[in-house]
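Below, each chain spelled out in residue letters.
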Amino acid sequence: MRGAGLDGRFFMSVGNHEVWADPKIEGVLSAVPYLKKFGVTPENLIYKFDFKGTRFIYLWSGKYDYRSPSQWDADRPKYVEQMTQLQKWMDEAKANGIRKAFYRLPLSRVCPVGLGPNPGP
């Protein structure tokens, strides 16, 4: 992994569990300090990297809200900004000949039981 420029053996999505009692994600950044290399900060919880011909993209779904659990209420960055960045990262991968992509969203958004479908937008 280090030979490929990756300082860690695992790469996590920063999700709602990681920010509940630690909004500054100090615990995450001390346990997984190499995420800083990808631009992860308390204000920016999304990142990407390439490894062996695959683009890995990690998104932030937002905090969990029991009143609207199927909403995507990301704020670090906001949903629209993430979608803009996602498109940019995908276009960049394609332009660089990367044909495979993996993305991770840390909170289930695919029709949680009893909550109905994802919102249209």
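Predicted, not measured: the structure shown is a model, and the values here were computed from it.

Draft legend 1. Region of the structure containing the sheet that holds strand β3 (residues 100–104). Read from one edge to the other, the open sheet built from 3 strands follows the order β1-β2-β3, with strand pairing classed as mixed. Of all the strands in the sheet, the pair left with one neighbour each is β1 (47–51) and β3. Across the sheet, the mean angle from the axis of one strand to that of its neighbour is 15 degrees, orientation sign disregarded. For strand β2 (residues 54–58) and β3, the ladder comprises 5 bridges, and the chain directions are parallel. Within the sheet, the bridge partner assigned to Ile57 lies in β3 and is Tyr103.

Draft legend 2. Structural view of the environment of Trp89. Following the sequence through the fold, Trp89 ends up in helix α3 (residues 79–95). Among the residues examined, Trp89 registers a relative accessible area of 11% and is labelled buried. Along the chain, Trp89 and Ile57 lie 32 residues apart, while their C-alpha atoms are 8.2 Å from each other. Non-local contacts of Trp89, meaning those with residues more than four positions away in its chain, are made with Ile46, Tyr47, Lys48, Arg55 and Ile57.

Draft legend 3. Layout of the pattern of salt bridges. Applying the stated rule across the entire model yields 4 salt bridges. The residue Arg55 makes a salt bridge to Asp50 at a minimum N-O spacing of 2.5 Å. A relative accessible area of 0% means that Arg55 is categorised as buried. Of the charged contacts, one joins Arg55 and Glu92 as a salt bridge, the two residues approaching to 2.9 Å between their closest N and O atoms. Note that Arg55 is positioned in strand β2 and Glu92 in helix α3, a separation of 37 residues in sequence.

Draft legend 4. Representation of the pairing of β1 in the model. Across 5 bridges, β1 lies against β2 in antiparallel orientation. Bridging across to β2, Phe51 finds its partner in Thr54. Connecting β1 to the antiparallel partner β2 that follows it, the hairpin turn spans 2 residues, and Lys52 within it adopts a positive phi of roughly 50 degrees.

Draft legend 5. Fine view of the environment of Ile57. Inspection of the secondary structure assignment puts Ile57 in strand β2. The spatial distance from the C-alpha of Ile57 to the C-alpha of Leu105 is 8.8 Å, given a sequence separation of 48 residues. Sequence-distant contacts of Ile57, defined by excluding residues within four places in its chain, comprise Tyr47, Lys48, Leu86, Trp89, Met90, Phe102, Tyr103 and Arg104.

Draft legend 6. A look at unusual backbone geometry. Phi is positive for Ile25, which is not a glycine, with a value near 45 degrees. As for its position among the elements, Ile25 is in the loop between α1 (16–19) and α2 (26–31). If you check the backbone angles, Lys52 has positive phi at about 50 degrees while not being a glycine. One can find Lys52 in the loop between β1 and β2. Under the relative-accessibility criterion, Lys52 is labelled exposed at 70%.

Thresholds applied
Residues numbered from 1 in each chain as written. Predicted model: local features only at pLDDT ≥ 70, side-chain atom pairs only at ≥ 80, totals over all residues. Heavy atoms only, no water. Pairing = 2+ DSSP bridges. Helix = DSSP H or I, 4+ residues; strand = E, 2+ residues; numbered from the N terminus. Axes fitted to C-alpha atoms, helices over the stretch in contact; angles between N-to-C directions. Buried < 20%, exposed > 50% of the residue type's maximum accessible area, 1.4 Å probe, protein only. Contact = heavy atoms within 4.5 Å. Salt bridge = Lys/Arg side-chain N within 4 Å of Asp/Glu carboxyl O.

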